[in-house]
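Listed here are the chains, written in short residue letters.
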Amino acid sequence: MGSSNLRHPQPVNNKYIFALVDCNNFYVSCERVFAPKLQGRPVVVLSNNDGCIIARSNEAKALGIAMGTPFFKAARFLSRHGVTVFSSNYPLYGDMSWRVMTTIKKLEPDVEVYSIDEAFIRLPHSAILDLPEYGRRIRNIVRQHTGIPVSIGFGPTKTLAKIANRFAKKEDKYQGVCDLSSTSAQPFLGRCPVGDVWGIGRQSSDKLQKQGITSALDLLKRDDGWIRRRLTVRGLRTVMELRGISCIELEKAGPSKSIASSKSFGYQVKSLNELREATATYVTQAAVKLRLQRSLAGCLQIYLRTNRFSRTQPYYAAGETIKLPEATADTALLIKLALQGLEKIYRPGLRYQKTGVVLSRLSPAQRRQLSLFADPQKNRDKLMSALDLINARWGRFTIQHGVAGFAKPWQHRQDRKSPAYTTQWADLPIVRASGQL
DNA sequence: TCTGGGGTCCTAGGACCC
DNA sequence: TCTGGGGTCCTAGGACCC
């Protein structure tokens, strides 16, 4: 009884208004900053291995191109309609994101960077008289400083700010800013499909549709017990938020709780040796991130899978979880354990599509728990620092463990990648004066 | 031929203990 | 022949997010 009460969502407070700042078609917008002639033209950006379409300009959306469409299925359609296609360029998007977030943080103190292209802002209630005007101001400043267009939604809760943002983006009359904090949100919720609500995904949406719940407004009207039973506490939290009761606080970023690294191969890999190279490569990448956030890993998972869409061979997926005797950030040690795990789950004769590693049970590096018989770690720490320094300066595989391979033929190529305009000197864009100025 | 990658949180159920 | 019940901890898997 007591504990179930504790798990009931608790309203945080209603002293604040939340704003959600969301970059429009973010990856496409990043590409357009450096290719202005693509303004007003259809553009898409592909996922990591040129696999799926993960970002679309408005013009591409208007052509009916769906999010997540496999590229190979859409390639002909895209070229027929003159759609410009980019491989994803994460150094560029990461840097542009940093610029947008820095600009927002200069304007407001309470900012949560929620994802690469979204930030929540928390504003004291009634601190600002004209929210839409304030939203337009933020919009103009971000645009001017970074070249990225954003939309802004205001609401008394994060969930309502999300919905406000959805309208700001979808309906031209709002011109990128929509405020649900001072008016009744109900008419908007009636026009918002339940599956578009933040926290209601595919599964829940299907379940709710079958119960006749199609809009956010329908959901809001159901009683707490009914929702709790079907959607768990998280669903109930969402519904409270729709009702204007804030249950999800602003969160300042801390170190992450797990770090993953994985990628699909460029071709179907059969040999254990290539899998070992890939595994060692991904462990190396994860360990760099681990040290960057000054954490140690207490647990390592390695997994392996064949192509789940294959019609010629059965699907095989397996993983191995390894608890480390003592938390570590030592690449060599992590590689050694990962390769032991890999050999356990490797089955000869199969063609593999993907492998990956996850580091978890992370703890701060300053509070290292030494085991009684451990060797002194100091030299290993220094070695890792030197490694990171060299690779940061000269490129991420300048020095690496031999087992990670050198040619890495199994890696996927990305054929349509734009230059790293803002993070590599060699890729810096060149501007020429035209004389007509 | 070709279908992404990196995260978080919650729950059910098993293991274990008394 | 009889074979409890309740609490806690941990983990795998599911659902969701971008």
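Cut-offs and rules
- Residues numbered from 1 in each chain as written.
- Chains lettered and ligands numbered in written order.
- Predicted model: local features only at pLDDT ≥ 70, side-chain atom pairs only at ≥ 80, totals over all residues.
- Heavy atoms only, no water.
- Near = heavy atom within 4 Å.
- Polar contact = N/O pair within 3.5 Å; in protein donor to acceptor, adjacent residues only side chain to side chain.
- Helix = DSSP H or I, 4+ residues; strand = E, 2+ residues; numbered from the N terminus.
- Nonpolar A, V, L, I, M, F, W, Y, C, P; charged D, E, K, R; others polar.
- Pairing = 2+ DSSP bridges.
- Axes fitted to C-alpha atoms, helices over the stretch in contact; angles between N-to-C directions.
- Contact = heavy atoms within 4.5 Å.
- Domains from an automatic or database assignment.
- Expected span 1.5 Å × (residues − 1).
- Buried < 20%, exposed > 50% of the residue type's maximum accessible area, 1.4 Å probe, protein only.
- Arc of directions from axis to C-beta.

Novice: In this structure, what is going on with the protein's contact with DNA strand C? I would like to understand it.
Specialist: Looking at DNA strand C, there are 15 residues lining it, with K162, G199, S204, K323 and R361 nearest. Each atom of DNA strand C within 4 Å of the protein was classed as base or backbone; sugar and phosphate made up 100%. In the environment of DNA strand C, a phosphate oxygen lies 3.4 Å from a nitrogen or oxygen atom belonging to the backbone of R202. Put simply, the parts of the chain that give the surface near DNA strand C at least two residues each are β5 (111–115) and α9 (202–210). A total of three residues in the surface near DNA strand C trace back to one element, the largest contributor, which is α9. Grouping the constituent residues of the surface near DNA strand C by class yields four nonpolar, five polar and six charged.

Novice: For this particular structure, what's the right way to read the sheet that holds strand β3 (residues 53–56)?
Specialist: Adjacent strands of a sheet pair through backbone hydrogen bonds, lying either parallel or antiparallel. Pairing is mixed across the open sheet formed by three strands, whose spatial order is β3-β2-β4. The sheet is open, and its two edges are formed by β3 and β4 (84–86), each paired on a single side. For this sheet, the mean angle separating the axes of adjacent strands, direction not counted, is 25 degrees. The sheet contacts of helix α2 (residues 26–33) involve β2 (43–46), β3 and β4, and relative to β2 the element is tilted by about 115 degrees.

Novice: Would you mind going over the domain arrangement of chain A with me for this structure?
Specialist: It is common to give the size of an interface as the accessible area lost on bringing the parts into contact. Its domain assignment divides chain A into domain 1 (1–253) and domain 2 (259–404). Distance from the C-alpha centre of domain 1 to the C-alpha centre of domain 2: 33 Å.

Novice: Would you take a moment to explain helix α6 (residues 131–146) for this structure?
Specialist: For an α-helix, 3.6 residues make a turn, and residues three or four places apart therefore share a direction. Helix length check: α6, at 16 residues, gives a terminal C-alpha distance of 22 Å against a target of 22 Å (1.5 Å per residue), a fit within 8%. If you check which residues of α6 are buried, you get L131, Y134, G135, I138, I141, V142 and T146. On an axial view of α6, the arc spanned by its buried residues comes to 130 degrees, and they lie on one face. When the buried face of α6 is taken as reference, the exposed residues oriented beyond 90 degrees from it are N140 and Q144. Where α6 is buried, its residues touch β1 (16–23), α2, α5 (90–107), β6 (118–124), β7 (150–155) and β8 (177–179). If you check the start of α6, you find a side-chain oxygen 3.2 Å away from the backbone N of E133, and it comes from D130. Note on α6: the residue one or two positions beyond its end, G147, has a positive phi of about 85 degrees.

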